[in-house]
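Coordinate analysis (summary)
So the chains spell out like this:
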Amino acid sequence: MLFLGSRQCMLLCLSGPSNSFRFLSFKSMRHISCPDSEKEMFNCLIWMSVLLCSCIADENSIRDADIFPSSPEIERGSTLKLFCVLGKRYTPHRNASHIIWKLNHELVPWENYDIVNETVSSITIHNFTYSKAHVKCFTKYLGKEQLLVHTEVKTGFPPETPGNISCIYYFDAKLTCTWTSGRETHLTTNYTLYRKMMTEGGVTLPNTVRSCQNKTESCSFVYPDTPFSSSFCFQVKAENVLGEASSDCVPIPMEKIEKFEPPEILSVKKITGIKQLLTVTWKMPEKIIPSQDLICQVQYRNLYSNSSEIVTVPQNSAEKTGSCNLTALWDSTEYSVAIQCRSVESIFWSEWSREKTASTEEKAPSEKVDLWRVIESSHSAGSRSVYLMWKPLNSFPPSGRILGYKIQYFPENHPALKMTNNSTDEKIILLLNEEAYNISITAYNSAGNSPEAILWIPSTGEKTSQIVETVRTFTTNEEVVVEWIASEPEVTEYVVEWYEELETDPFSRSWQYVSNSTNWKTNKKNFKPFICYNISVYPVYGYKVAAPYSVQTYVQEKKPSEGPVADTGIPGKNEVTIKWKEISKDKRNGFISNYTIFYKPEDGKELNETVNSDVLQYRLKSLQANTQYTVYIMASNEAGGTSGEPKTFKTLKFNKEDIIFIALPVGVSMLFLLGLWITCILKKHAFKKVCWPDIPNPAESIAVEWPLDTSMNNSFLKGVTPEAKTIDCEDISVLEHCFPEESQEGSLLMNCENHVSECTDINTEGMINGDKKILYNEENEVAKWFSPSMPYIITDQDIRSQMHSVLIPAKEIHPIEMLEDDLCESQQTSIKNEEDDNEEVLKLEDFSEKALFNPYLKNSVKTREFLISENLPEHSKNEPKSQSAVLPPFQQNVAGQSYITLDMFGLATAH
């Protein structure tokens, strides 16, 4: 069954028992035109018959699903129609109603669907404008989509007629033609270039047509298919799936399109003795159409300029070389030369040859050098260093290559002492004495010397006048401007010098001469940002240089790289002095305008104080006492501020005044006590005489003999240990002597009641004795243990008795009773003297020997009792009681109480 559209013929094949339709599309015949002519209609029917037979023969080879036409290419804006055919595998469970279409993943609307039969579904999309799109055919069954087949659709335009055909002919090499294709087709387009030989009447000669094909807008015929002729015409045909277009055949004579290789420059050189001239020679290429006249162009330019000059030189093609002279050039200047040539008939020049350079003859430098100096202070030996630096002037045109510099200098008052140095550098150091010097420098080359540049170096002690009164600097968007005011208008030349503040090398300084002006401008690029520069303006009159005026400047600032470090020192009670050091110059990044001190008490509000840039310490007042503070300092310039590291300090609880107020009375008191103590030390003997008079020691008396019983010496003295050297008067008691009635009659105990009472008043216990009881020590051992200030007992020399027993308990020795009244007083004085003068007090701790049995003692050692003789008077019998009453530490019948018993002393009658 046949469907004929307006532009296409599609074949519908009936196949199988199900009578399903299948569409076939042949790529080789995408479009079968069916015009109205009978001949063409007949051809279309023939093709349809072939397709029908192929459809029946290839019935079993059809896929399960297919899409027609496959990969279609249509004109943009036209109608797209596609068919999707189901295969046998999908029938009878599915049919064309289950087919859905998607265009670039978007569902095609149902109104564009057309169900041809049970197995064929089609879509129609009008005004299809996608340049490229993907169309997919799915089946949707039981809610699931299954991809059947897909294709890519491209749109474009039919080609337009090519135009602007032009060709270039390389003799015996290649013929290349180019053209313009017009509108972009967006489809694959093939171009065919036809070269035809025409007669004068415009008729194409048979067997002379040559062609080449390409997909771009150029095509070439390569040797040997490049004959030379003046009768060729060129035509271009463009075609794609949408159509084709051909241009007219354009006649182009070969001699008009000839282009050959560039010539080769053999030499560019100067002629000795002839200035401002260069001679250029070159060689022509070999492949040139013979018997033609040629034209060559010589282009030259100096290396100091971007512009160039061109000289035209005619030449015959028979000549293999060419030459010309370049005149009116600059002296000592290097030139670059290039050449191109063409045929007189041709419209195409060859490419430029490779450049060659050469320099013209030199001449002596015509300008003096730009000279400057830096003078250092005098050394100890009276010499000084002068740093000379210079730069050649940028004269145009230049005089030539400088070979070196000649430096001459001599003392101003001694011209005959001229000295000469040569240098190839643009700097030198001269070691001069304190005199004034004249210095001159000339530059030289092979042609001669430049004029002299002269500079005067003043003597060490010479003072130059201050002509420049003030200097001001400021910056604009692109420039740094320096302005100054001079006091002498007749000075018309100045030198502006600038260098980095931290730069120590004098040769790194920059300078520039300024004439007839009091301002100077330079590009910002000559200065580094965030760096401090020293700028000085020197007046120059003649060869002499006056005193400079210097300022500092930053062309651009930023906030400091670091902040100051605070030093709190020693804080006071309500104030503290904060000190800091200046930020190093390389980290300021601008002029410091002020410092701000920030301080904050613990858990308090932050406060601040601002001071000028020349202040490096500040006293914070009205602080809270005994409070911890945090402080830091911020340094600021025009661009901003940077804070230093925070520091903490704590105010004092008391200030100096408080401490002085407290310490002064204490100090005065201590001084008073110290003075009193020193006075006591110095007047010790005087006080002792007044308060504690010396009492003679009877043991040392030569008037009386003091026998000492051996038993006493052994039992009493040997039993004293070295540790018991201190006797406490309060801990010593004396047991009264009781004599047996049968051995001694008339023995009386002396009543010391009055003396005991006196001893009790001075805190001395048990100082009771008879009127003349004396402890006699023959070898003066007792005197060592009891100092003269200690109490002792003196016995009458007429009454000597043997000591039958002495009982001394361990650890303590009780003080011995005194018999006389003055002894108690002496005891009192002795105790005071012992306390004040730190006299050594003897204390007996242990005695190893046991006491002998005393029949007069009714009680044992642990039960101290006093036995009173019945022969004694009543007042003597009552004496122990009175002693006990007067001396509370001495209690009778107290077990373990220490005591001393003296037995065998004779009693003397009180006088």
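Scroll up to find the structure.
A brief structural summary.

**A word on the state of the cysteines**
The tally for this structure, following the rule as stated, stands at five disulfides. Covalent S-S linkage joins C84 and C137, the inter-sulfur distance amounting to 2.0 Å. With the S-S bond torsion at -90°, the cross-link from C84 to C137 turns out left-handed. Within this pair, whereas C84 is found in strand β6 (residues 80-86), its partner C137 is found in strand β11 (residues 132-141), the two being separated by 53 residues in sequence. Grouping residues by exposure puts C84 and C137 together as buried. Linked covalently through their sulfurs, C167 and C177 form a disulfide whose S-S length is 1.8 Å. Judged by the sign of its S-S torsion, about 105°, the cystine formed by C167 and C177 is right-handed. Placement of C167 in strand β13 (residues 163-170) and of C177 in strand β14 (residues 174-180) is noted, with a sequence separation of ten residues between them.

**Focus: the pairing of strand β30 (residues 404-411)**
Of all eight residues making up β30, seven are buried, and the element is well covered by its neighbours. As defined by bridge partners, β30 adjoins strand β31 (residues 419-423) across five bridges and the pair is classed as antiparallel. If you follow I407 over to β31, its bridge partner there is N421.

**Examining the sheet that holds strand β7 (residues 99-103)**
Strand order in the open sheet formed by five strands is β5-β12-β11-β7-β8, with mixed pairing between adjacent strands. Looking along the sheet, the strands with just one partner apiece sit at the ends: β5 (73-75) and β8 (106-107).

**A few points about the sheet that holds strand β10 (residues 120-125)**
Strand order in the open sheet made by the four strands is β4-β6-β10-β9, with antiparallel pairing throughout. Where the open sheet ends on each side, the last strands, each with one partner, are β4 (65-68) and β9 (113-115). Strand-to-strand twist of the sheet, defined as the mean angle between neighbouring strand axes without regard to direction, takes the value 20°. As paired strands, β9 and β10 are joined by three bridges and run antiparallel to one another. Residue pairing across strands places I115 opposite S121, the latter belonging to β10.

**Some details on the side chain of E497**
Mapped onto the elements of the fold, E497 is located in strand β38 (residues 493-500). Residue contacts for E497: discarding those within four places in its chain leaves W372, V374, R509, S510, W511, N534, I535, S536 and Y538.

Rules used in this analysis
- Residues numbered from 1 in each chain as written.
- Predicted model: local features only at pLDDT ≥ 70, side-chain atom pairs only at ≥ 80, totals over all residues.
- Heavy atoms only, no water.
- Disulfide = S-S within 2.5 Å.
- Helix = DSSP H or I, 4+ residues; strand = E, 2+ residues; numbered from the N terminus.
- Buried < 20%, exposed > 50% of the residue type's maximum accessible area, 1.4 Å probe, protein only.
- Pairing = 2+ DSSP bridges.
- Axes fitted to C-alpha atoms, helices over the stretch in contact; angles between N-to-C directions.
- Contact = heavy atoms within 4.5 Å.

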